[in-house]
Amino acid sequence: MRVPAKVNLALNVGATDNEGYHALGTLFQAVSLFDDLVARPAEAGVFRVSFRGEGASGLPTDDTNLVVRAARLLAGTCGTGNLGAEIRVHKRIPVAGGMAGGSADAAATLVACNQLWGTSLDTGQLHAVAARLGADVPFLLHGGTAVGTGRGEKLRPVPVRGSFQWVLALSHHGLSTPAVFREFDRISPPQPTGIDSGLLAALADGDARRVGALLRNDLQRAAFNLQPELADVLAMGREAGATGALVSGSGPTIAFLAGTKAVADAISDRLVLSSRVRAVRRAHGPVPGARIVN
């Protein structure tokens, strides 16, 4: 299985509901930074996960992990107690980086275990299971580019012309999503959650310059408050010619949109020299969601 990361081209944060969840209006794009996952049979009722690669040593492998939760939930949904799985994940998506690495792995687990067990759930049924796991999991099943509403799980595909080039600046330290939302609540009132129609039109036209000018993340200021050096990183990429830049999701990864390969090269060359950046990754989007590869 291969599953992509995501970038939020827009992340608009509204009021909280009775359960404390914020209403969201988000515009997802799946990008070509991938985790790979393999699922093998295990004894009935046994669900194990192991990780290697990016951030693997810091990840839990017990029932709190979203991969284990996804496998257990799918088995329970299928109503049988004789299922088990051993799941191995090779991570390239940064951990706690605002690119939905955990949600991506959960989406891949659903697709992989559905095939492994021969449970034959269709995409709509898998989407319903994914929505119970978290706001980003359904999108990573589908990939592409889509507007997400509600808590992010209600999706509407968006037409995109061509491909967009991204340069991703990874931080030395992760950010806790709940902490970023708490800081947002402290410093900001709820915001309108509608997605800018101009941004959708720019995507349909394949106009990177217009897209870049309309990128928006209501959590960006909160992320900057918690990691002030991120503002300097964003400024570096802009100075190097980025068409647009923003914190991805709850951060701390910063995504730079480049209008050309030459500009992407210039942004990468500038960022790799900075001690504030742990690593630089190149990606393009949109790409498909979780899928089986040979």
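Residues numbered from 1 in each chain as written. Predicted model: local features only at pLDDT ≥ 70, side-chain atom pairs only at ≥ 80, totals over all residues. Heavy atoms only, no water.

Condition: UniProt positions are given in the numbering used here, feature names are shortened, and annotations may be inferred rather than shown by experiment.
As annotated in an unreviewed UniProt entry, the chain is 4-diphosphocytidyl-2-C-methyl-D-erythritol kinase from Arachnia propionica. Quoted straight from UniProt, the Catalytic activity (unreviewed entry) entry for the chain says "4-CDP-2-C-methyl-D-erythritol + ATP = 4-CDP-2-C-methyl-D-erythritol 2-phosphate + ADP + H(+)". Its UniProt record gives the chain a comment under Sequence similarities (unreviewed entry), which states: "Belongs to the GHMP kinase family. IspE subfamily."

Quick notes on helix α1 (residues 66–77)
To be explicit about the condition: The way it works is that DSSP assigns letters per residue, a run of H or I at least four long becomes a helix, a run of E at least two long becomes a strand, and they are numbered from the N terminus. How far a helix is expected to stretch is found by multiplying one less than its residue total by 1.5 Å. Using a 1.4 Å probe on the protein chains alone, a residue whose accessible area is under 20% of its type maximum counts as buried, one over 50% counts as exposed, and one in between counts as partly exposed. Any two residues having at least one pair of non-hydrogen atoms within 4.5 Å are treated as being in contact. Nitrogen and oxygen atoms within 3.5 Å of one another constitute a polar contact, given that in protein one can donate a hydrogen and the other can accept it, and given that sequence-neighbouring residues count only through two side-chain atoms.
Counted at 1.5 Å a residue, the expected span for α1 with its 12 residues is 16 Å, and the 16 Å between its end C-alpha atoms agrees. For α1, every residue scored as buried is listed here: Leu-66, Val-67, Val-68, Ala-70, Ala-71, Leu-73, Leu-74 and Ala-75. Summarising the contacts, the buried residues of α1 are in contact with β3 (47–53), β4 (85–91), α2 (101–117), α3 (123–131) and α4 (137–142). For α1, the side-chain oxygen to backbone nitrogen distance between the N-cap and Val-67 is 2.8 Å, and the N-cap itself is Asn-65. A positive backbone phi angle near 70 degrees is found at Gly-79, which sits one or two residues after α1.

Some points on the environment of Ala-266
Its place among the elements puts Ala-266 in helix α10 (residues 261–271). Residue Ala-266 is classed as partly exposed on the basis of its relative accessible area of 33%. The spatial distance from the C-alpha of Ala-266 to the C-alpha of Lys-6 is 23 Å, given a sequence separation of 260 residues.

Notes on the packing of α1 against α2
How we decide: Only C-alpha atoms enter the line fits that serve as axes; for helices the fit covers just the stretch in contact. Angles between N-to-C directions range over 0 to 180 degrees. Should the near helix be turned counterclockwise from the far one by less than a right angle, the crossing is left-handed, whereas a clockwise turn marks it as right-handed. Each residue receives one of three labels: charged for Asp, Glu, Lys and Arg, nonpolar for Ala, Val, Leu, Ile, Met, Phe, Trp, Tyr, Cys and Pro, and polar for the others, Gly being one of them.
Contact pair α1 / α2: the axes reach a minimum separation of 8 Å and the direction vectors enclose 35 degrees. Considering how the two elements wind past one another, α1 and α2 form a crossing that is right-handed. Residues Leu-66, Val-67, Ala-70, Ala-71, Leu-74 and Ala-75 of α1 pack against Gly-102, Ser-103, Asp-105, Ala-106, Thr-109, Leu-110, Cys-113, Asn-114 and Trp-117 of α2. Partitioned by chemical class, the residues of the contact of α1 with α2 number 10 nonpolar, four polar and one charged.

Things to note about the domain arrangement of the chain
For interface size, the figure often reported is the accessible area lost on association. Where we set the bar: What fixes the domain bounds is an automatic or database domain assignment. In short, buried area is how much 1.4 Å probe accessible area vanishes from two parts on joining, totalled over both. By convention in these notes, a salt bridge is any Lys or Arg side-chain nitrogen within 4 Å of a carboxyl oxygen on Asp or Glu.
Annotation of the chain at the domain level lists domain 1 (2–157) and domain 2 (164–285). Computed from C-alpha atoms alone, the centre-to-centre distance between domain 1 and domain 2 is 23 Å. Each partner contributes to the interface: domain 1 provides 30 residues, whereas domain 2 provides 38 residues. Taken over both partners, the interface formed by domain 1 and domain 2 buries close to 2500 Å², and the fraction arising from carbon and sulfur atoms is 63%. For the domain 1 face of the interface with domain 2, the top three residues by lost area are Leu-9, Asn-12 and Val-13, together amounting to 22%. At the junction of domain 1 with domain 2, the criterion picks out two salt bridges. The residue Arg-281 makes a salt bridge to Glu-54 at a minimum N-O spacing of 3.8 Å.

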